[in-house]
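Listed here are the chains, written in short residue letters.
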Amino acid sequence: MRRFLSFRDFDWTLLAMVLLLCAVSVFEIYSATLHTKYSGYHNKQLFWIAAGLAAMFILAKIDYHWLLDWVSWAYGLCLVALVAVLAVGVPVLHARRWIRIGPMHFQPSEWVKLVLILAVARYFANLGGRRLTWPDIFKAFALVAVPMLLVLKQPDLGTALTYAPILVTGLFLGGINLRQSLVLLVTCTVLVVGVWSSGKMLKPYQKARLSSFLNPDSDPKGTGYQLRQSLIAVGSGGVWGKGAAKGTQTQGDFLPIPHADFIFAAFGEEHGFVGAILVLLLYFFILMRLIQNAQTAADLSGSLIIMGVVAVLTFQIAVNVGMVIGFMPVTGIPLPLMSYGGSSVLFSFLSLGVAMNVRMRRFVN
Amino acid sequence: MHLSSGSRGEKLSTLKLTVVQYGILLMMLALATGLWRLQVLGAENFRQLAEQNRVRKVPVLAARGKLFDREGRLLVDNYPSVSCFLVREQNRNVDADLPLIAKGLDLDLEQLRATLRRYRAAPGYQPIPIKQEVTADEQAFIEAHRNELPELETIDEERRLYPRDGFAAHLIGYVGEVSEEMLNDPRYEGYGPGDVVGKAGVEETYDELLRGQDGSRDVIVDSHGREVGYLGVQHATPGQDLKLTIDIDLQRTAELALGDANGAVVAMDPRNGEILALVSHPSYDPNAFAVRINRADWNKLINDPGHPLMNKAIQDQLAPGSTFKIIMAAAGLQEGVAQDMHVNCVGGGTFYGRFFHCDHHHGVLNITQAIPLSCDTFFYTLAQKLGIDTIARYATALGLGSKTGIDLPNEMAGVMPSTQWEMKNFHQRYYAGSTISVGIGQGETQVTPLQLARALGGIASGGHLVRPHVVMPDPNIPADFHKAVLDSFPGSGDVDFPLNPDTWTIITDGMAAATTTGTAAAAHMQGIDFAGKTGTAQVVGSGDTHVKGGAKTPNSWFVGMVPRRNPEIVIAVLQEHGDWGANSARIAAQIVAAYVNKKRMQDHNVLDQAGSGKPVEVGAVWSEPAPSQCRHAGGHQQASVLHAGHFSVDPAPPAEPRSIASSLFPVPSWLGAPTCCHPERAQRVEGSAVRTSVARVGNHEPKSSSLHAPSRPLQFAAAAPVRLGNAQP
């Protein structure tokens, strides 16, 4: 069955906002790495953005229904890849996150995110919006929990946590009722507290990282250091910022990885409150635009896919910016579309591609 | 297919999407609030933190002011040195690096740990000094380990360079790191830990002027502590140079004259209180303090029975012995008692039922005979007639029992007993019999050499007592600082205590007789109006031994002056356990000779008087060992040849008239070591002024102290001596 589709229905406004954000990203990476061994990374970022754009257009061409049909296979493949990472992955800094195939390095946990968005969307779309039963809920949990535990095992706490909002959004939009959500909330709280205090699931450094944001000065030499430097960077930026390439925290190498996880701190230092708010506004408009697309999607599965994307993006923005300003622990979650990094950029564009995909087919049914 | 077709028609409820939208809005607002809190409300605070993060203040240390003698010759200099500091600011576990640091800098690991422990309470940004005088090798080590040991920093300093062998050490003092007790003292409120501060002598008194003002460099560093640039420099203001009143030549003569004896010499100009020489022996090396002194050396210094750290000229309080008779004479003459007093000395006299000894049977004598012969019996009688309180009144008026107010730290006041003093300190009536001992400077009376010099100089000046000082009055010294010095060293200051002309003429004539026919006849010098008084002060009751240096051997005093009336220089010499006062008189005579000769040379300096341009003809007589005996010290005792000649000297070419003037001043042969064959060496010694000459102080002067003819006319090599004849001296 051929469906009519046109790039007239492609969301050019959304793309414009995304590209604007990418431009900000490239400039900030340029500024932050100017005097470091990472200088020139802005060019690499440009390459990744170009690659991401291409991937987005390609993905937009493929009907998301077809993607949904094949997602079970992709899901299976993901599990195999995650197990493979644990078995034969390249260890980097005590963690096996990467798998090498020839000259290429893959970090399967990033791709799992996209597959999970589709899988969860498909699962709840199949339920058709009826009231959820407990078995429905448990199945949804299992769907997300299996890859999540595998990623945790690497260990990569940050990425594993990004899977959670996909499930939460799915449950919420899929029709969970108040009583069920309360029960779940209590159960999760108990589980989290149990895991935390048992000391088996989380490594000590992970715990330290998670708790140090509450009191960064308690350990200024260790995990609190990055947070402290980040706070100083953002705070000293003031209202108008210190100017591009003039952030002393960024240029003086005080701010850790100012082009990647802490790029928002670097931007906040050099462009101040005004710049930071403008970027947040841009993110807000992008998210609102996506939600609007979800509303106008042709069917439930399309809406759920877009909302999955929204969930992941929102979560990452909240955790990353929250980390930079001291609201959240340091977890190593990149800021989508801003942070340097191929996997991150590709995921962002691919997830946007899926969202575009849905929008382009809103009149097709 | 897995999807049921029915589900495709379903739509998400708008309500739930709106909830999500508001959720996102809320999150964004929360983030915006966080940003507001940091960037708007906390901006100032974080800006400061960022500044501290990247700007480090590196101190630029001020060079301490130099010290010159009264003729502008350099006495204390500075030399550049590199010190190593440890900065704990960086995020490093410094403790783990200590073994490597200790190895690289050649430090004792335990000592290094102890140093760090001492600074534990200090703020993190404060650099900890761990090594002074870093060598080139160690500097290379620090440079090579910039990345591994970013906590190490070096800083350029100017260190103190004192004369060697403790020359004038007690007068100059020394510097050291400020101690914790000092930091708690309000006087040192402007000082911080690690600062260098004067701890004795002029260095302590004038520390505020000498230390200058440290500057700083605001260095921009990255998170590894590497310098990436600097913002600005606040230049250091070097400390003020000070001109001291001492004369290096006299100081040198005095130190050599005192030799190995424990004791002190003070030479002062009684007209204005300028200290010309101040010696205390044994001495110490102030350079040992400039770099932190080690414990063993310190213990050695404080346990030395000779008390090398004590400035005996102003701190040694001893019975004045017979020198006190001058004050007795002044009191007696002023009171009108002594003029017509005749006493028959039969080797002593009985007072208050006890026999008091005299050294000789002097027979009948009056005051003019009693002073030069130092007859005890005469002064016992005078003391009995005057009574303790009259004696005390005069002695106190002449500055005994109170500080002289010299601008050196920790001066001692001495003791002058009186009935009031006895009551105050011992709550009993004064025993009249004690007055007899006081009359000859024994008993409870205690004076410092400086007090004696000032008192006797004052008497010889008709009762004009001056405030001694070691730093020349200088318009560059701020008035309020000068006042602060005066206030913090309160003494009797300049005092006029007018004496009848008869009083001081009789006394000074008596003192002049002492150095010609009296007790100090051995110190007599032809052609010099030298007056003085010996003192042989018993140390422990009776039972003197006359073994020099023995514990019961009397202290040997001498106070003398030139000329006898309105003297230009007054000299007090103290030799602890030095036996007879005449021994000290000979020391004073050497200083007097040096002073007089120098004055004569300066007054008759033909070059100064001729002006420039005209050659001046100079005649000279000098002796020279015969060429064959030139090698060894033994040659000194053998015959030397006396030469005479005249020279034509052109005053124009030499650059420095001053150096010519000082070359005319006798250069003792010890200064140039083996001068006989090496005139060019002697010349170099002369040209390089203080430091080199000071370095030679350890050599000993040959016996011929009274004759100060130049051993050779040093700089006149151009003119050929005309040999008039040979003579065997």
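The preceding data block contains the structure.
Residues numbered from 1 in each chain as written. Chains lettered and ligands numbered in written order. Predicted model: local features only at pLDDT ≥ 70, side-chain atom pairs only at ≥ 80, totals over all residues. Heavy atoms only, no water.

Engineer: Where do I start with the overall build of chain A in this structure?
Structural biologist: Of the regular secondary structure elements, chain A holds 13 helices and 3 strands. Buried positions account for 57% of the 365 residues belonging to chain A. Taking the contacts inside chain A whose residues are at least 6 apart along the sequence as the reference set, 72% of them involve residues at least 24 apart. Here chain A displays about 15,200 Å² of accessible surface, and carbon together with sulfur accounts for 71% of that area. (Helix = DSSP H or I, 4+ residues; strand = E, 2+ residues; numbered from the N terminus. Buried < 20%, exposed > 50% of the residue type's maximum accessible area, 1.4 Å probe, protein only. Contact = heavy atoms within 4.5 Å. Areas by Shrake-Rupley, 256 points an atom, 1.4 Å probe, with all protein chains shown as cover.)

Engineer: What is the right way to read the overall build of chain B from this model?
Structural biologist: Along the backbone of chain B there are 27 helices and 23 strands. Here chain B, with 729 residues, has 52% of them falling under the buried criterion. When contacts within chain B are restricted to residue pairs at least 6 apart in sequence, those whose partners lie at least 24 apart make up 72%. Carbon together with sulfur atoms contributes 52% to the accessible area of chain B, which is approximately 33,300 Å² in total.

Engineer: Would you explain a nonpolar patch on the surface in this entry?
Structural biologist: On the surface, a cluster of nonpolar side chains totalling about 420 Å² of accessible area is made up of Y22, L25, L26 and L29 of chain B. In this structure, L26 of chain B sits in helix α1 (residues 14–41). (Patch = residues over 30% accessible without salt bridge, like charges linked within 9 Å, V, L, I, M, F, W, Y side chains within 5 Å. Salt bridge = Lys/Arg side-chain N within 4 Å of Asp/Glu carboxyl O.)

Engineer: Mind showing me how you'd approach the environment of F558 of chain B here?
Structural biologist: Residue and element names in this part refer to chain B. Looking at the secondary structure, you find F558 in strand β20 (residues 555–562). A relative accessible area of 0% places F558 in the buried class. Placed 23 residues apart in sequence, F558 and G581 show a C-alpha to C-alpha distance of 5.8 Å.

Engineer: Sorry, what's going on with unusual backbone geometry here?
Structural biologist: Both trends apply: most residues other than glycine have a negative phi, and most peptide bonds are in trans. Residues and elements named next belong to chain B. Backbone torsion omega between H281 and P282 reads 0°, so that peptide bond is classified as cis. Of note, P282 is situated in the loop between β12 (274–281) and α11 (287–290). In this structure, the amide linkage connecting V562 to the following residue, P563, adopts the cis form with an omega of -15°. Along the chain, P563 falls in the loop between β20 and β21 (569–575).

Engineer: How should the sheet that holds strand β19 (residues 531–537) of chain B be read in this particular structure?
Structural biologist: Strands pair in a sheet through their backbones, by hydrogen bonds, and they do so in one of two ways: parallel or antiparallel. All names here are of chain B. What the 5 strands build is an open sheet, ordered β12-β11-β21-β20-β19; its pairing is antiparallel. The sheet terminates laterally at β12 and β19, the two strands that pair on one side only. Sheet twist, expressed as the mean angle between neighbouring strand axes with direction ignored, is 5°. Direction of pairing for β19 relative to β20: antiparallel, over a ladder of 7 bridges. (Pairing = 2+ DSSP bridges. Axes fitted to C-alpha atoms, helices over the stretch in contact; angles between N-to-C directions.)

Engineer: What exactly am I supposed to notice about the packing of aromatic side chains here?
Structural biologist: Describing an aromatic ring pair means giving the distance of the ring centres and the angle of the ring planes. Throughout the structure, instances matching the rule amount to 22 aromatic pairs over all chains. Their ring planes at 50° and their centres at 4.8 Å tell us that F10 of chain A and W12 of chain A sit as a pair that is tilted. On the basis of relative accessible area, F10 of chain A is assigned to the buried category, the value being 1%. An aromatic cluster is present here, built from Y174, Y284, F289 and W298 of chain B joined pairwise through their rings. Looking at R354 of chain B, its charged tip hangs above the ring of F356 of chain B, at a distance of 4.5 Å from the centre. (Phe/Tyr/Trp six-rings, centres within 6.5 Å; stacked < 30°, edge-to-face > 60°. Lys NZ or Arg CZ within 6 Å of the ring centre and 35° of its normal.)

Engineer: Any chance you could explain the interface of chain A and chain B here in plain terms?
Structural biologist: Accessible area lost when the parts come together is the quantity often used to give the size of an interface. Counting residues at the interface gives 59 residues for chain A and 44 residues for chain B. Summing the contributions of chain A and of chain B, the shared interface buries around 4,500 Å²; its carbon and sulfur component is 68%. Our count for the chain A to chain B interface comes out at 0 salt bridges. Taken together, the connections running from chain A to chain B amount to 4 residue pairs in polar contact (both at pLDDT 80 or more). Elements represented by at least two residues in the side of chain A that touches chain B include exactly α3 (64–88), α4 (108–127), α6 (157–174), α9 (223–237), α10 (248–251), α11 (263–295) and α12 (300–324) of chain A. Broken down by element, the residue count for the side of chain A that touches chain B peaks at 14 residues, all from α11 of chain A. (Buried area = accessible area lost by both parts, 1.4 Å probe. Polar contact = N/O pair within 3.5 Å; in protein donor to acceptor, adjacent residues only side chain to side chain.)

Engineer: Mind showing me how you'd approach the pairing of β20 of chain B here?
Structural biologist: Remark: a regular strand shows side chains that alternate across the two faces of the sheet. All names here are of chain B. Among the 8 residues of β20, 8 are classified as buried, and the element is accordingly described as predominantly covered. With burial as the criterion, each face of β20 is covered, one bearing N555, W557, V559 and M561 and the other bearing S556, F558, G560 and V562. One ladder, built from 7 bridges, connects β20 with β21; its direction is antiparallel. In the sheet register, F558 faces β21, and the bridge partner there is V573. Hairpin connection from β20 to β21: 6 residues lie between these consecutive antiparallel strands, with N566 at a positive phi of about 45°.

Engineer: Please explain the pattern of salt bridges as it appears in this structure.
Structural biologist: A side chain of one charge can pair with a side chain of the opposite charge if their charged atoms are brought near each other. Scanning all chains against the criterion turns up 28 salt bridges over all chains. Two residues, E269 of chain A and K242 of chain A, come together in a salt bridge whose shortest N-O distance is 2.8 Å. Taken as a pair, E269 of chain A in helix α11 and K242 of chain A in the loop between α9 and α10 lie far apart in primary sequence, 27 residues in all. Here D77 of chain B makes a salt bridge to K66 of chain B, at a shortest N to O gap of 4.0 Å. Of this pair, D77 of chain B sits in strand β3 (residues 74–86) while K66 of chain B sits in the loop between β1 (55–60) and β2 (67–68), and the two are 11 residues apart along the sequence. Three or more residues joined by partner-sharing salt bridges are found here, namely D69, E71, R73, D247, D249, R252 and K598 of chain B.

Engineer: Sorry, what's going on with helix α2 (residues 41–61) of chain A here?
Structural biologist: Because each turn of an α-helix spans 3.6 residues, side chains separated by three or four positions end up pointing in the same direction. Residues and elements named next belong to chain A. Taking 1.5 Å as the rise per residue, α2 with 21 residues should run 30 Å; its terminal C-alpha atoms sit 30 Å apart, in good agreement. Among the residues of α2, those classed as buried are H42, Q45, I49, G52, L53, A55, M56, L59 and A60. Elements that come into contact with the buried residues of α2 comprise α1 (12–32), α3 and α13 (342–360). (Expected span 1.5 Å × (residues − 1).)

Engineer: It is not clear to me how the environment of L167 of chain A should be interpreted in this structure. Could you clarify?
Structural biologist: Residues and elements named next belong to chain A. Within the secondary structure layout, L167 lies in helix α6. We classify L167 as buried; its relative accessible area is 7%. For the pair L167 and A311, spaced 144 residues apart in the sequence, the C-alpha separation amounts to 9.1 Å. In contact with L167, not counting residues within four places along its chain, are A140, F141 and V144.

By themselves, these observations are geometric and do not establish any function.
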